[in-house]
Amino acid sequence: MLSYEPLWNTMEKQGITTYMLINKHNINPRTINNLKHGKSITMYTLERLCQILSCKPNDIIDFLPDTPPEPPQKP
């Protein structure tokens with residue numbers, strides 16, 4: 001599972017808003033929507049965000065392990 005919590009924290013620390021990403025840095029609004037809803041982004045977008053925020057990928061995205069389904073209970 002993807003988490004963009006590090007991105008929102010990095011943006012807050014630097015005073016960057018989603019409005020600025022869209023209007024100043026030409027990030028597509030659909031990309032912002034994907035980020036807000038935890039959907040995947042391209043490596044190109046990840047690279048652009050790293051350049052804009054002067055950070056590393058770990059400051060933008062966190063990979064969380066999916067929890068495996070529990071085995072059925074024996075009666």
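Note that the structure is a prediction, hence the values are computed from the model and not measured.

## Structural notes on the overall build of the protein
A count of helical and extended segments in the protein gives four helices and two strands. Listed by position from the N terminus, the elements making up the protein come as β-α-α-α-α-β. The globule rule puts the C-alpha radius of gyration for 75 residues at 11 Å, and the 16 Å found for the protein is more than 25% above it. Evaluated residue by residue, the protein yields a buried proportion of 29% over its 75 residues. Across the protein, contacts joining residues at least 24 apart in sequence account for 61% of those joining residues at least 6 apart. Taken as a whole, the protein presents about 5,800 Å² of accessible surface, with 54% of it coming from carbon and sulfur.

## Describing the nonpolar core
In terms of nonpolar packing, the biggest core is built from 17 residues, with L7, L21, L35, L49, L53 and I60 touching the most fellow members. The set of elements that each furnish at least two residues to this core consists of α1 (5-14), α3 (29-36) and α4 (43-53). Each residue touching L53, except ones within four places of it in the same chain, is listed here: L7, T10, M11, Q14 and I16.

## Quick word on unusual backbone geometry
Look at N26: it is not a glycine, yet its phi comes out positive at around 60°. Structurally, N26 can be placed in the loop between α2 (18-23) and α3.

## What about the state of the cysteines?
Enumeration over the complete set of coordinates arrives at zero disulfides. Left without a disulfide partner, C50 is nearest to the cysteine sulfur of C55, which lies 4.6 Å away. Under the relative-accessibility criterion, C50 is labelled buried at 12%. Using a relative accessible area of 15% as the deciding quantity, one classes C55 as buried.

## With respect to the side chain of S3
By the element assignment, S3 lies in strand β1 (residues 2-3). Owing to a relative accessible area of 16%, S3 belongs among the buried residues under this scheme. Engagement of the side chain of S3 in a polar contact is seen with the backbone nitrogen of E5, the distance being 3.3 Å. Those residues in contact with S3 that sit more than four places away from it in its chain are I60, I61, D62 and L64.

## Overview of α3
Among the residues making up α3, those that are buried are T31, I32 and L35. In an axial view of α3, the angular spread of the buried residues amounts to 100°, which keeps them on one side of the axis. Structural note: α3 exposes R30 and K36 on the side pointing more than 90 degrees away from its buried face. On its buried face, α3 sits against α1, α2 and α4.

About the cut-offs
Residues numbered from 1 in each chain as written. Predicted model: local features only at pLDDT ≥ 70, side-chain atom pairs only at ≥ 80, totals over all residues. Heavy atoms only, no water. Helix = DSSP H or I, 4+ residues; strand = E, 2+ residues; numbered from the N terminus. Rg over C-alpha atoms; globule rule 2.2 N^0.38 Å. Buried < 20%, exposed > 50% of the residue type's maximum accessible area, 1.4 Å probe, protein only. Contact = heavy atoms within 4.5 Å. Areas by Shrake-Rupley, 256 points an atom, 1.4 Å probe, with all protein chains shown as cover. Core = buried A, V, L, I, M, F, W, Y, C linked by side-chain atoms within 4.5 Å. Disulfide = S-S within 2.5 Å. Polar contact = N/O pair within 3.5 Å; in protein donor to acceptor, adjacent residues only side chain to side chain. Arc of directions from axis to C-beta.

The quantities given are spatial measurements derived from coordinates; they are silent on function.
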